[in-house]
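Structure at a glance
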Amino acid sequence: MGKPIMFQWAINHAIAEEMRRDPTVFIIGEDVGKPGGPFGVTRGILDEFGPERAVDTPISEGTIVGLCAGAAASGLRPVAEIMFMNFITLCVEELYNQASKMRWMFGAQVKVPMVVRAMTAGGYGAGPHHSSSLESLFAGMPGLKVVMPSTPVNAKGLMKAAIRDDNPVLYVEPLSSYKLKAEMPEGDFITPIGKCEVVKEGSDITIVTVGRMLQESLKAVDQLAKDGIKPELIDLLTVSPLDMDTIYTSVKKTHRLVIIHEAKETMGIGAEIAALVQEKAFDWLDAPVARVAAPFTHIAFQPKLEQHYLPDAGKLVAKVKTMLG
Amino acid sequence: MKISKDTKIDLFTRMVKVRTFEDDTNKIFMAGKEMPGFLHLSQGEDAMAAGTCANLRMDDAIYTTHRGHGCIIAKGADLKPMMAELFGRIDGCCKGRAGSMHFADVKTGCMGSNGVVGEGMRLAVGTAFAQKYNKTDNVTAVFFGEGASGTGSFHESFNMAATLKLPVIFVCSINLYAQMTHKSVHIAIDDMAERAAGYGAPGVTFDGNDVEVVYEEVAKAVKHCRAGKGPYLVEGKTYRHYGHYIGDPCNYRPAGELEEWMKKDPVVLYEKKLLKEGVLDAKGVQQIKDECKRLVDEAVEYARKSPQPEIEELYKDIFA
């Protein structure tokens, strides 16, 4: 174990290591090459690999992702950046009608190995067009994988896994996690896609968290410990395909489930998990499945309103106590 | 440009093959029992398909539209899996899953047809990117019409191909209609290739029903792209003999317009020209027509013999 590495450099190192390992990997997007990324995540890539492999494009999100789909179908492994996840709405066509369908639709004549990185900026007062976490739009697309790293270690491991995966992968990275630090394991490692992590074992209730809500969940677990409450904390890591077996096993032990995600509750990924658990593990539940998530409105730039909107440790603690009360 | 006798016969053969396939598919579809879904046929646009694809190597790529049979056939795809795909059978090129609007035949460079107007252009930019990245002199041709020329996809793709200097030939067939509305609803200028200069690339407009003109103009575009000079826009004026889809009553076409364009049928005109020039005699023409008919008949028989896909096929190949 070396010195601690920041989340954003963990992503950077993952991309660089994969580009050294595999000459078909390249990065593409707005300001990713020469400027090193608007938040510095791709710093140094152009210097090491040259402009053919670190490509700056015009502002054309749909075509950036469309280019990736065509290039991937033609043998390359693109890693694109969408600066703020709100802008991924411009890429829904290319992700849904094209990338997610091409392999199946063409009878397996192609594979589409591509990674699209999208950054969420909730909590910065960035307002309605820059703050959204839109994973639920994509979680239901067969043929597309969606991963949401939560620590520097899994940020690196999931990026490597995503680049090596032969399918399109949407990689959602939270701006507020960029400065988290952790020591990396030695050598080459991946975090497998499609597997949850049991972060803390427990017995009283299962908390399922995703993305940057891990930080809030860890705070909540500490606070609940003071009241003698021991939750089992599961980090999804992959939103699609969901690792439901780990969740069922936990619910069979704890008999209560609460899901926390930054995105709004209505039609969020928590809804899918809740539906599956009540369908497949009903007899093990002592309480309805609950969700801690954003309300059915828009995110404000105004700090007081934004803070109310975003889920946090306090809201999770309150929900758990209600469920155990 | 001097076109050799062999090339002329090749151009004619490609067009006859396209026309025969489209005409026979039309008949089978209209009989109502064997081909599910929708059909968008390309009779009348045969010269654009043949003249473009005759310039391309097998390992060059094309991206085609919902009206893409002609281009895929002209590129050299085997007719049997194409026909089986139209019948929705397991031996179809897409295992019977995709149908007419979503054909692909990757081994002959046919990277995919698209059911979403204009979307092939973004994908074409990606394949061209890969061709340049791998330091080949391969090129990608993407077909589209005046309707697609209004999409964000066209503008973004052409701009990105120009800024990144990618080997994409944008092949626009102006057939006067986008679905049911006239060209004038879709573009404010007469010759849309004029736009190319605004993006920093060459553009040219020509008679899309003269297969030799198409061939010569696309040859220039291919040469430009193989030399790494960036994209090129070619625009051929042409016409589709049938409606947007088979079954379309075409109420939006003024009386007499179809008849005028039928006088400029590219296949009929070229046959006359080759006979007049002595490139082919009547017997030679008939031999080509008979051989194309034989290939189409063989494809239909292949399709009819192929089984329907099993239900399990729905769940295969979702992920690699």
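This one's a predicted model, so the numbers in the text were calculated from it and none came from an experiment.

1. Structural notes on the overall build of chain B
The helix and strand inventory of chain B stands at 12 helices and eight strands. In terms of overall dimensions, chain B is globule-like: its C-alpha atoms have a radius of gyration of 19 Å, near the 20 Å expected for 320 residues. Dimensions of chain B, computed from C-alpha atoms along their principal axes, come out at roughly 55 × 50 × 40 Å. Taking all 320 residues of chain B together, 53% fall into the buried category. Excluding contacts between residues fewer than 6 apart, the proportion of contacts in chain B whose partners are at least 24 apart in sequence is 74%.

2. Re the environment of B:Val106
For B:Val106, the location among the structural elements is in the loop between α4 (79–86) and β2 (110–113). In this structure B:Val106 comes out as partly exposed when scored by C-beta crowding, with 18 C-beta atoms within 10 Å. Along the sequence, B:Val106 and B:Cys93 sit 13 residues apart, while their C-alpha atoms lie 9.3 Å from each other. Filtering out sequence-adjacent residues up to four positions away, B:Val106 remains in contact with A:Gln109, A:Val110 and B:Met111.

3. Brief notes about the sheet that holds strand β8 (residues 232–237) of chain B
Residues and elements named next belong to chain B. If you walk across this open sheet you meet the six strands as β2-β1-β3-β4-β8-β7, and the pairing is parallel. Only two strands of the sheet have a single neighbouring strand rather than two, namely β2 and β7 (203–207). Taken pair by pair, the neighbouring strands of this sheet meet at an average axis angle of 15 degrees, ignoring direction. Direction of pairing for β7 relative to β8: parallel, over a ladder of five bridges. Paired with glycine 203 across the strands is leucine 233, a residue of β8. Packed onto the sheet, helix α5 (residues 120–133) meets β1 (61–64), β2, β3 (140–145) and β4 (168–174) and runs at close to 170 degrees relative to β3. Where helix α9 (residues 211–226) meets the sheet, it contacts β4, β7 and β8, and its direction lies at approximately 170 degrees from that of β8.

4. What about the interface of chain B and chain A?
Listed per partner, the contact involves 32 residues of chain B and 34 residues of chain A. Among the secondary structure elements, those contributing two or more residues to the side of chain B that touches chain A are β2, α5 and α6 (152–164) of chain B. By residue class, the composition of the side of chain B that touches chain A is 17 nonpolar, nine polar and six charged.

5. Brief notes about the confidence of the model for chain B
With 100% of its residues at a pLDDT of 70 or more, chain B has an overall mean of 97. In the predicted assembly, ipTM is 0.96 and pTM is 0.97.

6. Topic: the sheet that holds strand β2 (residues 25–29) of chain A
Residue and element names in this part refer to chain A. Spatially, β3-β2-β4-β5-β7-β6-β12 is the arrangement adopted by the seven strands of the open sheet, whose pairing is mixed. Taken across any chain shown, the strands that pair with only one partner, and hence form the sheet edges, are β3 (54–56) and β12 (238–240). The mean inter-strand angle of the sheet, taken between neighbouring strand axes irrespective of direction, is 20 degrees. For strand β5 (residues 114–120) and strand β7 (residues 168–174), the ladder comprises seven bridges, and the chain directions are parallel. By the bridge assignment, arginine 117 is partnered in β7 with tyrosine 171.

Rules used throughout
- Residues numbered from 1 in each chain as written.
- Chains lettered and ligands numbered in written order.
- Predicted model: local features only at pLDDT ≥ 70, side-chain atom pairs only at ≥ 80, totals over all residues.
- Helix = DSSP H or I, 4+ residues; strand = E, 2+ residues; numbered from the N terminus.
- Rg over C-alpha atoms; globule rule 2.2 N^0.38 Å.
- Buried ≥ 20, exposed ≤ 12 C-beta atoms within 10 Å, placed from the backbone.
- Contact = placed C-beta atoms within 7 Å.
- Pairing = 2+ DSSP bridges.
- Axes fitted to C-alpha atoms, helices over the stretch in contact; angles between N-to-C directions.
- Nonpolar A, V, L, I, M, F, W, Y, C, P; charged D, E, K, R; others polar.
- pLDDT = per-residue confidence, 0-100.

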